Each structure stands twice: as C-alpha cells, then as structure tokens.
Amino acid sequence: ELDLRQDYENAIKCLIQCESLIGTLHDQLASKDNQIATLKETIERISPEPLQERLISQSDEIARLEDKLVQMSLDLASTKTREDELQHQLKTSFTSISSSISDVISQSCN
C-alpha cells in the first residue's frame, strides 16, 4: 500500500510538471502566433503587389501628363504661328499705310 501511495504521489507530481510544461509551451505558441501575425502585417504592408499597383498608376499619370505636355506644346506652337502671322499682317499694313502717307505727302508737295 505504501508503494501504491508513493506511485500515486509521483504520478500527481508528474501531472503537475506536465501541466506546467504544457502551460509554458502554450504561452510560447501564443507568442509565436503574435510574431507571425506581426510579420504577416509587415509583409502585406511592403508587399510588391501594392507597390507594383502604385508604380503602374504613377506610370499612367506620367503618360497622361506627357500627353498633356505634348498638347500644350502644340497649342503654344499654334498660338506662336498665329501671333507671327498677325505681326506680319500688322507690319504689312503699317508698311502699306506708311507708303500711302508718303505718296499723299509727295503728291501734296508737288
């Protein structure tokens, strides 16, 4: 009966140690789960997919701005051409008026 009691006490001590060990392992597992969750969040934040999407979006924006720049350059060239034409017409008109005035003055003096 003494041996049985001793075996029983040893079994209880062993169960208590196992329970403590299981609790420690459970805490370690929970800590590892938290670390994995944190790493997943970090990976999702720096994942190349969102970065790639941003780069594509920025490329599209750059292409749109380049198209706008080309259109504005064409508009500027057209405006400059029109301005040159108007200046030429003005110069021609001024020359014609000056010539007419000179003619009138010449005829008046004669």
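A quick note: this is a predicted structure, and the numbers were derived from the prediction, not measured.

**Student:** Explain the overall build of the chain to me, and be specific about the residues and the numbers.
**Tutor:** Check the secondary structure of the chain and you find two helices and zero strands. Here the C-alpha atoms of the chain give a radius of gyration of 46 Å, more than 25% beyond the 13 Å that 2.2 N^0.38 yields for 110 residues. Over its C-alpha atoms, taken along the principal directions, the chain stretches across nearly 160 × 20 × 5 Å. Taken over 110 residues, the chain has a buried fraction of 1%. When the accessible area of the chain is evaluated, it comes to approximately 10500 Å², of which 59% is carbon and sulfur surface. In the chain, the 11 positive side-chain charges and the 20 negative ones have mean positions that sit 7 Å from each other.

**Student:** An account of the pattern of salt bridges is needed here, citing residue identities and associated values.
**Tutor:** Enumeration according to the criterion identifies three salt bridges in this entry. The residue Glu61 makes a salt bridge to Arg64 at a minimum N-O spacing of 2.7 Å. Here the residue Glu61 and the residue Arg64 both occupy positions in helix α2 (residues 48-109), the gap between them amounting to three residues, near one helical turn. What makes Arg64 partly exposed here is its relative accessible area of 45%. Between Arg82 and Glu85 there is a salt bridge; the shortest N-O distance is 3.5 Å. Of this pair, Arg82 and Glu85 are both found in helix α2, three residues apart, which corresponds to roughly one turn of the helix.

**Student:** Got a sec to walk through a nonpolar patch on the surface? Specific residues and values, please.
**Tutor:** On the surface, Tyr8, Ile12 and Ile16 cluster together to form a nonpolar patch covering roughly 320 Å² of accessible area. Note on placement: Tyr8 falls in helix α1 (residues 2-46).

**Student:** Summarise α1; cite the residues concerned and give the values.
**Tutor:** With 45 residues, α1 should reach 66 Å at 1.5 Å per residue; the first-to-last C-alpha distance of 66 Å fits that figure. The buried fraction of α1 is low, at zero of 45 residues.

**Student:** Outline the state of the cysteines, supporting the account with residue identities and numerical values.
**Tutor:** Inspection of every chain in the model, using the stated rule, returns zero disulfides. Left without a disulfide partner, Cys14 is nearest to the cysteine sulfur of Cys18, which lies 4.1 Å away. The exposure class of Cys14 is partly exposed, given its relative accessible area of 40%.

So, how was this worked out
Residues numbered from 1 in each chain as written. Predicted model: local features only at pLDDT ≥ 70, side-chain atom pairs only at ≥ 80, totals over all residues. Heavy atoms only, no water. Helix = DSSP H or I, 4+ residues; strand = E, 2+ residues; numbered from the N terminus. Rg over C-alpha atoms; globule rule 2.2 N^0.38 Å. Buried < 20%, exposed > 50% of the residue type's maximum accessible area, 1.4 Å probe, protein only. Areas by Shrake-Rupley, 256 points an atom, 1.4 Å probe, with all protein chains shown as cover. Lys, Arg positive; Asp, Glu negative; His and termini not counted. Charge placed at Lys NZ, Arg CZ, Asp CG, Glu CD. Salt bridge = Lys/Arg side-chain N within 4 Å of Asp/Glu carboxyl O. Patch = residues over 30% accessible without salt bridge, like charges linked within 9 Å, V, L, I, M, F, W, Y side chains within 5 Å. Expected span 1.5 Å × (residues − 1). Disulfide = S-S within 2.5 Å.

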